[in-house]
Amino acid sequence: MKPKALQKYNKYPLTSNYITIFIMMKYLCILLLIMSTLNGFAQQPDTIFLKGLLHEHPEFFSGILNHPIQNEVQILYTRIDRDRNNTPHFTSYSYHLNAQHYFYPASTVKLPTAIFALEKLNELKVQGLNPKSVMITDSSFAGQTKVRVDTSSATGLPSIENYIKKILLVSDNAAYNRLYEFVGRAEINQKLKKYHLDNTRIVGRLAIGDAGESTRHTNPIDFYNGDKLIYQKPALYDASNYPMHLENMLQGKAYLDSSDRLVNKPLDFSEKNIYALADQQMVLKRLLFPETFPKAERFNLTADDYRFIYRYMSTFPTENTKPTYHRPEYFPAYCKFLFYGGDSTAVINPDIRIFNKVGDSYGYDIDNAYIVDFKNNVEFMLSAVVQSNEDGILNDNKYEYTTVCLPFLKNLGQVIYQYELKRPKKYLPHLTKFKFNYSQKQ
C-alpha cells in the first residue's frame, strides 16, 4: 500500500491515454510556433507604398508609368529599423515584384558566385589554401580559357582574391568566369538550393557566348603557394539540368547573331541564367546581416571574408590601387546605378557608401544595393530592374540605358533616400561595421 501522502496525488492516475494526449498537445504547440515563425518570414511585401511614391513624382517617373509595359520595372525596397541592441528589423515594400516574369540578370549573378568561391575555400580545408593563393587555370574542353598571369594584381598572378576585387569594383566578366569554373556549375546550383534561392539558377559563363555543352564543363585548376602545388581542382562535368519555365523568356521581334546577321524571330532566354529580384535582395541581406539568420542558414564565411566583401562592394574603382582603374574609362559611380545613375559626372557624397552589385545587358539595368549615409544615420536596401529596347531588336547595342534606365534608377534611389532622411527612427543605427579606411592598402 502507498503512503497516504502519495495516495492523494494519485486520485487521477496518469494513464497511457493521458500521456499520449499530453505529448500530442506538446508537439501541437511546437508546430504552431514553427508555423507562426514561418509566416513571419513568408509575409508578402506591401504593394501600395511604392506605387504611391512613384505617382507622387511624375517629373521623374511618368515616362515609365505611362509606358505600355512600364519598362518591365520591378522594385523591392526594405526599410531597416534597429532595436535598442542595434539588431536590424526589416519591412519590405514592392512594386510589380514577380519571380515568374523573366528578366536577364546579367552581372548580378557574380555576387553569389563570388560568395560560393570563398565558401568552397573554407570547406575544402586544405592547409595553406586561401584567397591569395596563386590560381592557374588550365583547359580540358573546346573553347575553354587558360590563365597563368594577371597583370592587374599586385603580384602579377591570378588569385581568387583579385578576381573578387575585379568583380566588385568594375564587374569584370573574365573574373566571374574563372570563379564559375572554380566552384563548378553543379555546386553553384546546389548552394542556391541550400540557401532557398528557389527562383535562381546560374548555368553559364558571361560575355563569351557560353551555351550548350560548354556550360557544363569547368576547367581544371591548380593552386600554388610560391612554387608549391597545394591543391588541384579537377575538370568537372555537370550532367544536371535546371529547368525553369517563366513568362517572357522569348523576347523581342529579332536579334543579331554572333556573326551580326539579323535573325527575324524572338531571342530565346530559356537556357540562360535566372536570378529573381527577391532572391538577389535575400543574398544581400544574408551577406550584410548574417546575425539575423539562424547559424545553419548563414554563408560559410569567416569574419575576414565578410570584411573583404564589404570593403570592395563599397569601394569606388578610382580609389583602389591594385587592380587600378583610371578615368575616363572608369569613374567613381561606374557601378553605382541606384542613387548615382552610373554617371561619369556624378558628384559623390562623401558620407554615403553603396554596397551593391549591378548588371546591364539586353536592355536591362539592375542594381541590388544597401545604401548607407553615415552622417545622417540612414540605411536601407533597394533592388530594382528596368528595361528599354524600343526597336525590339536584341544584340544590336541600341538600348535606352542612358535616357531611360539609368535615370530611372538614379531618381528611384534619390527619392527613397529623401524619404529615409525624414523618416523618424526610435533607435539610431550603429554602422561602424560598414566603415572602412579606403585609402589604406590591402
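Refer to the structure above for everything that follows.
So, a few notes on the structure that sits alongside this text. Since the model is a prediction, treat every value here as computed from it, not as a measurement.

Let us look at the packing of aromatic side chains. Overall, the coordinates contain 34 aromatic pairs when judged by the stated rule. Note on Phe61 and Phe408: the rings are 5.6 Å apart at their centroids and 75° apart in plane angle, and the pair reads as edge-to-face. One end of the pair, Phe61, is in helix 4 (residues 58-65); the other, Phe408, is in helix 12 (residues 401-422), with 347 residues separating them in the sequence. For Phe408, a relative accessible area of 2% corresponds to the buried category. An aromatic cluster is present here, built from Phe90, Phe289, Tyr306, Tyr310, Phe355, Tyr370 and Phe434 joined pairwise through their rings. Residue placement shows Lys120 over the ring face of Phe182; its charged tip is 5.1 Å from the ring centre. Between the NZ or CZ atom of Lys285 and the centre of the ring of Phe90, over which it lies, the distance is 4.5 Å.

As for its placement among the helices and strands, Arg286 is situated in helix 10 (residues 277-288). For Arg286, which is buried and forms no salt bridge, the nearest opposite charge comes from Glu297, at a distance of 4.4 Å. There is a polar contact of 2.6 Å between the side chain of Arg286 and the backbone oxygen of Glu297. Ignoring sequence-local partners within four residues, the contact set of Arg286 consists of Tyr195, Phe293, Glu297, Phe299 and Tyr306.

For the pair helix 5 (residues 110-124) and helix 7 (residues 173-183), the least separation of the axes is 9 Å and the interaxial angle reads 40°. In this view, helix 5 runs oblique relative to helix 7, as classed from their interaxial angle. Read as a crossing pair, helix 5 and helix 7 show a hand that is left-handed. Where helix 5 approaches helix 7, its residues Lys110, Thr113, Ala114, Phe116, Ala117, Lys120, Leu121 and Leu124 are matched on the opposing element by Asn173, Tyr176, Leu179, Tyr180, Phe182 and Val183. For the contact of helix 5 with helix 7, the class distribution of residues is 10 nonpolar, 2 polar and 2 charged.

Bringing the sheet that holds strand 3 (residues 134-137) into the picture now. Taken together, the 3 strands give an open sheet; going across it, the order is 3-6-7, and neighbouring strands pair in antiparallel fashion. Two strands in the sheet have a free side with no partner beyond their single neighbour: strand 3 and strand 7 (228-233). Here the strands of the sheet are splayed against their neighbours by 25° on average, with no regard to which way each runs. In this structure, strand 3 lies alongside strand 6 (residues 221-225), joined through 4 bridges in antiparallel fashion. Bridged to Thr137 within strand 6 is Ile221.

Procedures and definitions
Residue positions are given per chain, counting from 1 as you read along its sequence in written order. Per-residue local features are limited, in this predicted model, to residues with pLDDT of at least 70; the limit for side-chain atom pairs, both in listing and counting, is 80 or more; totals at the level of whole chains, interfaces and linings are taken over all residues. Hydrogens and water are ignored here; the side-chain numbers use all heavy atoms of the structure. Think of it this way: a Phe, Tyr or Trp ring, Trp meaning its six-membered ring, pairs with another when their centres are within 6.5 Å, and the plane angle makes it stacked under 30 degrees, edge-to-face over 60, tilted otherwise. Only DSSP runs of H or I reaching four residues or more are called helices, and only runs of E reaching two or more are called strands; each is numbered from the N terminus. Exposure classes here rest on a 1.4 Å probe applied to the protein chains alone. A residue is buried below 20% of its type maximum, exposed above 50%, and partly exposed in between. Any Lys NZ or Arg CZ found within 6 Å of a ring centre and within 35 degrees of that ring's normal is scored as a charge over the ring. Asp and Glu are treated as the negative residues and Lys and Arg as the positive ones, with His and the ends of the chain left uncounted. Here a salt bridge means any side-chain nitrogen of Lys or Arg lying within 4 Å of a carboxyl oxygen belonging to Asp or Glu. N or O atoms closer than or at 3.5 Å make up a polar contact, with two conditions inside protein: a donor-capable atom paired with an acceptor-capable one, and, for residues adjacent in sequence, both atoms drawn from side chains. Two residues form a contact once any of their heavy atoms are found within 4.5 Å. Only the stretch in contact is used when fitting a helix axis, every axis being a line fitted to C-alpha atoms; angles between N-to-C directions are given from 0 to 180 degrees. Working rule for angles: under 35 degrees goes down as roughly parallel, over 145 as roughly antiparallel, 65 to 115 as roughly perpendicular, anything else as oblique. Handedness of a helix crossing follows the sense of rotation of the near helix relative to the far helix, less than a right angle counterclockwise being left-handed and clockwise being right-handed. Residues are grouped as follows: Ala, Val, Leu, Ile, Met, Phe, Trp, Tyr, Cys and Pro are nonpolar; Asp, Glu, Lys and Arg are charged; every other residue, Gly included, is polar. Should DSSP find at least two bridges between two strands, the strands are regarded as paired.

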